[in-house]
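The lines below spell out each chain.
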Amino acid sequence: MKQSNLLQTIILLLGVLLLTVGCNTDGEGLFYLVSQSEESVNVGAVTLIGSTPTDLFAHTDSSGLQRYTISSGAWTSIPASVTPVLANQVSTDGTNIYYSGRSGEGENNKLYSFVKSGIPDYSSSVASLNNTYDILSMLPQHDLMTTREGTDIKVRKVSDGTEIASHAGTFVDALLLAQGNYSLSSGYTGTSPRTYTHTLFDGTNSTVITLKDGTTSVTDAVIKAFFIDGTNIAVVTGGGDVYFKTGLTITGAPTELAKNGNVPLSSSTVTLSPLPVVHEALSSTSSTFFVQGLNNYMYEIDPADGTAVEKSFSTIALTVQVSSFLEANSKYYIGTVSNGILEITFPL
């Protein structure tokens, strides 16, 4: 009788579990979730930095700077001259990897670099750079950083300190984004409510981006992602709203973007944290981009009209949370929060 009761209890618990998850993911329930999962990798959130033909370079929350060998999937720790190295304090100019650590109050960060290829012992190639800036954040793949210099926030190249832009005495803090030769700073003044200003640079010229919801100007939203397909631009704000403009030109005059689509986003994300942009090479026939929304669903956004449509990736399971993206050696990779690095393919 005891064995019979135990068996009945197990069957009952399984039935409750199936009923609990059965309404998820279009009714396919537990078996769908199992089939749409990836093995956890114990390195923490992965920020992809750069690549060589054989390796990827990344920052991981658990282990800091790492080299990832593509063929074997092996991780190799890279010793750092300062710890901890933060995910937003790494960058590359294509030849060198740069990193820094959090500075003390009133102190400037110390900047370090090493050559990423050809040297197995990376600690032997570390160069200590006499930095004169208080580095707020660095862009992992674009040789750019934001600095605080007195009351000014500036955008500079990490590799040589060249000033790209200055927001003199206007920003409390700013989020810096980049794509190719374009960079976009989204900074705020005030504390409650924050008032945001967005500036887009193309390496030569700049334009202030303004957001319009119908006839209403929107100034309380940070831009967390943007994409330019050559002639059109779309941005995603912290609230998930999509704004766009066709026929983009950067001539110095303000550029007004109109609201259209929306991507449901988690309300728990940090305000000044970027939303990873996943896209095919600009040389491909695709001119859209993807961001991940609530419950890890992927959304395809078209800069030509600002629409946002849910789209499934066969190579990105619903259990995978994207933390970064990298195109390397004609392949596409995502860094994830819990599943290491995954190679992905785009939906047709």
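First, a word on what this report is: a plain description of the structure on this page. Keep in mind the model is a prediction, meaning the values are calculated, not measured. (Residues numbered from 1 in each chain as written. Predicted model: local features only at pLDDT ≥ 70, side-chain atom pairs only at ≥ 80, totals over all residues. Heavy atoms only, no water.)

### Let's talk about the nonpolar core
Then comes step 1: Grouped together as the largest cluster of nonpolar side chains are 20 residues, with contacts concentrated most on Leu200, Leu211, Ile233 and Val235.
Then comes step 2: Broken down by secondary-structure element, the contributors of at least two residues to this core are β13 (173-179), β14 (182-189), β15 (195-201), β16 (206-213), β18 (223-228) and β19 (233-237).
Then comes step 3: Contacts of Ile233, omitting those with residues within four sequence positions, involve Leu200, Ile209, Phe227, Ile228, Tyr243, Phe244, Lys245, Leu248, Leu257 and Pro303.
Then comes step 4: Core analysis: the next-biggest nonpolar cluster, separate from the first, contains 15 residues, Met298, Ile316, Val322 and Ile334 among them. (Core = buried A, V, L, I, M, F, W, Y, C linked by side-chain atoms within 4.5 Å. Buried < 20%, exposed > 50% of the residue type's maximum accessible area, 1.4 Å probe, protein only. Helix = DSSP H or I, 4+ residues; strand = E, 2+ residues; numbered from the N terminus. Contact = heavy atoms within 4.5 Å.)

### Things to note about the packing of aromatic side chains
Then comes step 1: A full pass over the atoms with the stated rule returns eleven aromatic pairs.
Then comes step 2: Ring centres of Phe290 and Phe313 lie 4.9 Å apart, and the angle between their planes is 85°; on these two criteria the pair is classed as edge-to-face. Remark: Phe313 occurs in the loop between β24 (307-310) and β25 (322-328) and Phe290 occurs in strand β22 (residues 289-292); sequence separation between them is 23 residues.
Then comes step 3: Among the residues examined, Phe313 registers a relative accessible area of 4% and is labelled buried.
Then comes step 4: Within the aromatic cluster, the residues linked to one another by ring pairs are Phe290, Phe313, Phe325, Tyr332 and Phe346.
Then comes step 5: Just above the ring of Tyr188 sits the side chain of Arg194; from NZ or CZ to the centre is 3.9 Å. (Phe/Tyr/Trp six-rings, centres within 6.5 Å; stacked < 30°, edge-to-face > 60°. Lys NZ or Arg CZ within 6 Å of the ring centre and 35° of its normal.)

### Focus on the sheet that holds strand β2 (residues 55-60)
Then comes step 1: Pairing in this open sheet of four strands is antiparallel, and the strands run β1-β2-β3-β4 from one edge to the other. The strands lining the two open edges of the sheet, one partner per strand, are β1 (46-51) and β4 (74-77). Across the sheet, the axes of successive neighbouring strands diverge by a mean angle of 30°, strand direction being ignored.
Then comes step 2: Strand direction decides the pairing type here: β1 and β2, joined by five bridges, are antiparallel. Bridge assignment links Gly50 to a residue of β2, and that residue is Phe57. (Pairing = 2+ DSSP bridges. Axes fitted to C-alpha atoms, helices over the stretch in contact; angles between N-to-C directions.)

Treat this as a map of the structure, not an account of what it does.
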